[in-house]
Amino acid sequence: MEVEEIMEQNVGSADRILRVLLGLALLPMLLWVEGPLGWLGLIGLVPLGTAIVGWCPLYRLFGASTCSRRQEA
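Residues numbered from 1 in each chain as written. Predicted model: local features only at pLDDT ≥ 70, side-chain atom pairs only at ≥ 80, totals over all residues. Heavy atoms only, no water.

Summing up its helical and strand segments, the chain has five helices and zero strands in all. Starting at the N terminus and ending at the C terminus, the chain contains elements arranged as α-α-α-α-α. Expressed as a percentage of its 73 residues, the buried residues of the chain come to 22%. Here the chain has roughly 5,800 Å² of accessible surface; of this, 68% comes from carbon and sulfur atoms. (Helix = DSSP H or I, 4+ residues; strand = E, 2+ residues; numbered from the N terminus. Buried < 20%, exposed > 50% of the residue type's maximum accessible area, 1.4 Å probe, protein only. Areas by Shrake-Rupley, 256 points an atom, 1.4 Å probe, with all protein chains shown as cover.)

Below, the structure written as structure tokens:
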């Protein structure tokens, strides 16, 4: 199996937008929430990263995709 097949985009446009919004909503917890729960804001990096790359490892694991497939000629 080639790397291109493994890292094939599986996150669609609407999904990416939701991931960015979720990531941006979680990151401020680093500053606003005191104590150990504040570090949960780092979880916001996960949806931001998957939105930027367009690939989600959990989607790959379960064979899911929100990305519309292009017809190849």
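After that view of the structure, there is still more to cover.
Before going further, it helps to spend a moment on a nonpolar patch on the surface. There is a patch of nonpolar side chains on the surface, built from Leu30, Leu31, Trp32, Trp39, Leu42 and Leu45 and spanning about 760 Å² of accessible area. Among the elements that make up the nonpolar patch, the one with the highest residue count is helix α3 (residues 29-32) (three residues). (Patch = residues over 30% accessible without salt bridge, like charges linked within 9 Å, V, L, I, M, F, W, Y side chains within 5 Å. Salt bridge = Lys/Arg side-chain N within 4 Å of Asp/Glu carboxyl O.)

Within the sequence span of helix α4 (residues 45-53), burial applies to Pro47, Leu48, Thr50 and Ala51. Burial along α4 is one-sided: seen end-on, the buried residues are contained in an arc of 170°. Residues of α4 that are exposed and point more than 90 degrees away from the buried face comprise Val46 and Ile52. (Arc of directions from axis to C-beta.)

On to the environment of Glu8, then. Considering the arrangement of structural elements, one finds Glu8 in the loop between α1 (3-6) and α2 (13-26). Each C-alpha atom of the pair Glu8 and Cys67 lies 9.9 Å from the other, and the pair is 59 residues apart in sequence. When sequence neighbours within four positions are dropped, the list of residues in contact with Glu8 reads Trp55 and Arg69. (Contact = heavy atoms within 4.5 Å.)

Note that all results are geometric; they support no functional claim without further evidence.
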